[in-house]
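# Structural overview
Here are the chains, one letter per residue:
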Amino acid sequence: MHRSRHDLHAVLGAALLVVAAALIGRHLRARHDNLFVDWPPLYARWEPHVGPGTPAAILVAAAVVLYGPPLVARLPWRALLLAVWAAATAWTFSLAWIDGWYRGIAERLTSRYEYLRVIDRFQDIPATLRDFTHHILLDSPHHWPPHTAGHPPAATVTFVLLDRVGLGGGGWAGMWCIVVGASAGVAALIAVRALAGEDLARRAALFLVLAPAAVWVGVSADGYFAAVAAWAVALLALAVTGRSPAWAAGSGLLFGLALYLSYGLTLFAVIGCAVLLLGRHGVRRKPVLFLYLLAGLVVVPAVFTALGFNWWEAYHILVERYYQGAGGKRPYGYFVWANLAGTVLVVGLATVAGLRRSVAELIRGAGEALRARRRGPEPGTGTGLQGGSGAGTVPPAGSGAETLSPAGTAVETVPRAETGVETVPRAETGVETVPRAGTGVETVPRPGTGVEAAPQARLAFLVCAALVALLAADLSGMSKAETERIWLPFTVWLLPAAALLPRPRLWLTAQAVLALLLNHLLLTSW
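Residues numbered from 1 in each chain as written. Predicted model: local features only at pLDDT ≥ 70, side-chain atom pairs only at ≥ 80, totals over all residues. Heavy atoms only, no water.

### What to know about the nonpolar core
Within the largest apolar cluster, 152 residues are counted, with the highest numbers of intra-cluster contacts made by Trp91, Leu95, Phe159, Leu189, Leu210, Phe268 and Trp493. Of the residues forming this core, the biggest block, 17 residues, is contributed by helix 12 (residues 221-240). The contacts of tryptophan 91, once residues within four sequence positions are left out, are Ala57, Val60, Ala61, Val209, Leu210, Ala211, Ala214, Ala512, Ala515 and Leu516. (Core = buried A, V, L, I, M, F, W, Y, C linked by side-chain atoms within 4.5 Å. Buried < 20%, exposed > 50% of the residue type's maximum accessible area, 1.4 Å probe, protein only. Helix = DSSP H or I, 4+ residues; strand = E, 2+ residues; numbered from the N terminus. Contact = heavy atoms within 4.5 Å.)

### Let's talk about helix 7 (residues 154-164)
Of all 11 residues that make up helix 7, eight are buried, and the element is covered over most of its length. Within the span of helix 7, buried status applies to Ala154, Ala155, Thr156, Val157, Thr158, Phe159, Val160 and Leu162. Where helix 7 is buried, its residues contact helix 5 (125-130), helix 6 (146-149), helix 8 (170-182), helix 12, helix 13 (246-259) and helix 17 (299-306). Immediately downstream of helix 7, the backbone of glycine 166 shows phi near 95°, a positive value.

### Quick notes on the environment of arginine 357
Structurally, arginine 357 is set in helix 20 (residues 349-375). Judged by relative accessible area, which is 5%, arginine 357 ranks as buried. Between the C-alpha atom of arginine 357 and that of alanine 460, which follows or precedes it by 103 residues, the distance is 8.0 Å. When sequence neighbours within four positions are dropped, the list of residues in contact with arginine 357 reads Arg3, Ser4, Asp7, Leu500, Leu501 and Pro502.

### Brief notes about helix 10 (residues 198-209)
Counting along an α-helix, one turn takes 3.6 residues, and residues three or four places apart therefore face a common direction. Here helix 10 is 12 residues long and its end C-alpha atoms lie 17 Å apart, about the 16 Å a rise of 1.5 Å per residue gives. Along helix 10, nine of the 12 residues are buried, which leaves the element largely enclosed by surrounding structure. When we look at burial in helix 10, the residues that qualify are Leu200, Ala201, Arg202, Ala204, Ala205, Leu206, Phe207, Leu208 and Val209. (Expected span 1.5 Å × (residues − 1).)

### Observations regarding the pattern of salt bridges
A full pass over the atoms with the stated rule returns 14 salt bridges. Across the pair aspartate 7 and arginine 357 runs a salt bridge, and its minimum N-O distance is 2.7 Å. In this pair, aspartate 7 is assigned in helix 1 (residues 2-31) and arginine 357 in helix 20, connecting sequence segments 350 residues apart. In terms of burial, aspartate 7 and arginine 357 fall into one category: buried. A salt bridge links glutamate 361 to arginine 364; the shortest N-O distance between them is 2.6 Å. Linking glutamate 361 with arginine 364, this pair stays in helix 20, spanning three residues, or about one helical turn. (Salt bridge = Lys/Arg side-chain N within 4 Å of Asp/Glu carboxyl O.)

Okay, structure coming up:
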C-alpha cells in the first residue's frame, strides 16, 4: 500500500510540474514572446477537434485495455512481438488520422521546415554530401530548411532513397515513419526480455503499445530515428546475452546509422554502456563481441566520410545555426525544467510511477550491495546470483538423493530434457520447480523471496540509463522546446518502467486517455 501511495505522490508531482510549465510559459509568452511555442511547454496550439481517426483510436485503446492483458499472457513470444508491432502501428496511425489524412499524415513532412522540401537537391548524392555543410547557416546561400540543417544527412538521404524506389511524397514518407517508428516498442521488448527476463517484458508490452508518445511518432522523422536506435540497443542486448556475435555487428551498424540521423543520438552511448554492464558476463566470455561491435559501428561513418561529409565540422556549424534561430532566443532557465514537463505528457503518468519505482529499486539495491560489501563474504559461500550454481555433485538420476551446496543450501535433482537431471535449490530457498511444456520442469523464483528482485533491478538500471541520457540532453541546452519529438528515442526506453506497476488495466487506461486528450485538444506540429 505504501508503494502505491508513493506512486500517487510521484504522479501528483508530475502533474503539478506540467501545470506550472503551462502557467509560467503562458506568462513568459505574453510578457516576452520569446518561447516560440503556442501552447507551452509543447510545440502545439489549442484546437479542439475530432476526425476520421477518432473512432479507430478509441476502438484500438479499448481493445488493448480489455483484451490485451490475457493475450499478452497466452501468446507465444514471436506472435506477441508481431501483435505488439501491429497494435502499435494501428494506435499510431489512428492518432495521426484524427487530424485527417493530409493534415495528419501526408503533409507532415512536406512543410517548409521538413526534409521532403529538398529531395530535388539530392540528384547527385555524393556531390550534395560534399557541399552539405555550406548550406547549414541561415546566412549561407540556399540554406537548408531547419530539420535538414539540424540533422546529419542520413535523415534526408533516407527519404531521397524512398523517392528513388518509387515511394516518393508525403504519404509514403509519413507511413514509413509510422510503421518503422511503431517497431521501436518491439525492439525494446526484445532487449528487456534478454536483459531482465520474459516476465517483465510481457508486463511492459502493452505500455509500449498505448504510449502517448505515439502522438509524435505519427508523423515525425524522430519516430523513425527512435526505431533505429532502439533496434541497435536490442541487437546489442541479444549479443551480450549469449546469442551470435553477429548481432553485435548489426548493433554497431545501426548505432553508426543513428549517429548520422541525429547528432543527439551520440547520447545513446549511455544506454549502450548500460547494456554492456548488464551483460558483462557474456562480454567476458566472448570479448570478440567488441570487435564485431566496432566493425559494424565504423561502416556508416566510413561511407559518409568517403563521400565527403564531415560530421564534426557539420555539428559545430549546426551549433552556430541553432543560436541564429529560435534556439538562441528561447530562455534556458525555463526550458531546462519545462522540457521535463513536456516529457511527462509524452511518456504518461504510468511511466512516471514506474520511474519512481525504478529509482527506488536502484537505491535499495545499491544499499544492499553496500551493506553486503561491508559485511564481507560469509565463509564457504558462492557468488550468489551472478556466480555459478553453488551446488555440489549431482546424484544419479532417480536416486532421490540430495546434497548441500557450498553455502549450505539444500538442492535436489529434477528431470531436465537435455541431460535427464538438473540440480536446483529446494523450494524453501527461494525458487521452485514448475512444469514446462516439452521439457519437463523449469526453475522459477518464488514470490516473497529476494530472488525475484534481480530482474526488476536490471530493468530499473536500463530505464535509469535512458533517463540519464535524457537529462544530459536537457542540460546541454541544445534542446529547448520541441523535445516531445526530439527525445522520442530516449522516451521509448522509459516506457518499460511501467512493467513494475500493479493493476495494469488502470494505468493503461490513464495512458490511453492522456494520448486521446492530447491529440483531440491540441494540434501538434514541428
